[in-house]
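# Summary of the model geometry
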Amino acid sequence: AQKVTQAQTEISVVEKEDVTLDCVYETRDTTYYLFWYKQPPSGELVFLIRRNSFDEQNEISGRYSWNFQKSTSSFNFTITASQVVDSAVYFCALSEGGGSTLGRLYFGRGTQLTVWP
Amino acid sequence: GAVVSQHPSRVICKSGTSVKIECRSLDFQATTMFWYRQFPKQSLMLMATSNEGSKATYEQGVEKDKFLINHASLTLSTLTVTSAHPEDSSFYICSAINGYYGYTFGSGTRLTVV
């Protein structure tokens, strides 16, 4: 079973629209970390956010915001007033366990976001 | 911030030859390094986990004799694709654990086997 599900394969919006990328995760651990990464065409992964399982507070960073809801095992990502430069593949990822070091990352399949001018 | 330098960024090699990809942590010690492979329009698939000074742990279905991983120091891990074939053409990316971000990724290596 997929530990991280990103049901939206591709999303297209027009510039200035708001867009939400969905992420649903599955884990039996009580301590875990959730991540979002951006992958532009160059291929490099750009870190966006890390959230631990004990911190359900939503976060806003500029045009980006994240909604973490343990009750629905979701960690959704919203871009407000999208821009062409936001076009990329976005990955949600999960790391389980809360020991002294992080374990492997489980990636979702990614959502290709295209923002049209 | 923490940086992992990955080289080469692109490589084209002939079928049957070997290719080495290097990942260096520039300003931190990478005790653990993860190696991923990504096919076009697909997600990152973990190939193996390497810990400094010990043998790498490979994921199911990944041939350890074909994808040789060496992690001899805290700042350098290498992946060697031996006897490469066209089906090995892919995007390879390494990742090291660091304190704040959790993981620092290399910039990736696009391998094309002709």
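Residues numbered from 1 in each chain as written. Chains lettered and ligands numbered in written order. Predicted model: local features only at pLDDT ≥ 70, side-chain atom pairs only at ≥ 80, totals over all residues. Heavy atoms only, no water.

This paragraph deals with the overall build of chain B. Across its full length, chain B carries zero helices and 11 strands. In chain B, the succession of α and β elements from N to C terminus is β-β-β-β-β-β-β-β-β-β-β. For 114 residues, the compact-globule formula gives about 13 Å, and the C-alpha radius of gyration of chain B, at 13 Å, lands near that figure. Counting all 114 residues of chain B, 51% fall into the buried class. At a minimum sequence separation of 6, the contacts of chain B that also span at least 24 residues come to 52%. Taken as a whole, chain B presents about 5,600 Å² of accessible surface, with 52% of it coming from carbon and sulfur. Within chain B, the 8 negative side-chain charges are centred at a point lying 6 Å from the centre of the 10 positive side-chain charges. (Helix = DSSP H or I, 4+ residues; strand = E, 2+ residues; numbered from the N terminus. Rg over C-alpha atoms; globule rule 2.2 N^0.38 Å. Buried < 20%, exposed > 50% of the residue type's maximum accessible area, 1.4 Å probe, protein only. Contact = heavy atoms within 4.5 Å. Areas by Shrake-Rupley, 256 points an atom, 1.4 Å probe, with all protein chains shown as cover. Lys, Arg positive; Asp, Glu negative; His and termini not counted. Charge placed at Lys NZ, Arg CZ, Asp CG, Glu CD.)

Residue and element names in this part refer to chain B. Of all nine residues in strand 9 (residues 90-98), nine are buried, a share of seventy percent or more. The two faces of strand 9 match: Ser90, Tyr92, Cys94, Ala96 and Asn98 on one face and Phe91, Ile93, Ser95 and Ile97 on the other face are all buried. Pairing analysis gives six bridges linking strand 4 (residues 32-38) to strand 9, with the strands arranged antiparallel. Residue pairing for strand 9: tyrosine 36 is matched across the bridge by isoleucine 93. As defined by bridge partners, strand 9 adjoins strand 11 (residues 109-113) across three bridges and the pair is classed as antiparallel. Across the sheet, residue phenylalanine 91 finds its bridge partner in strand 11, namely arginine 110. (Pairing = 2+ DSSP bridges.)

This brings us to the sheet that holds strand 3 (residues 19-25) of chain B. Residues and elements named next belong to chain B. Taken in spatial order, the four strands of this open sheet run 1-3-8-7, and their pairing is antiparallel. The open sheet has two edge strands with one neighbour each: strand 1 (4-7) and strand 7 (67-73). Neighbouring strand axes in the sheet, compared pairwise and without regard to direction, differ in orientation by 15° on average. Sheet topology places strand 3 next to strand 8 (residues 76-81); six bridges connect them, and they run antiparallel. Following the sheet pairing, arginine 24 is matched in strand 8 by leucine 76. (Axes fitted to C-alpha atoms, helices over the stretch in contact; angles between N-to-C directions.)

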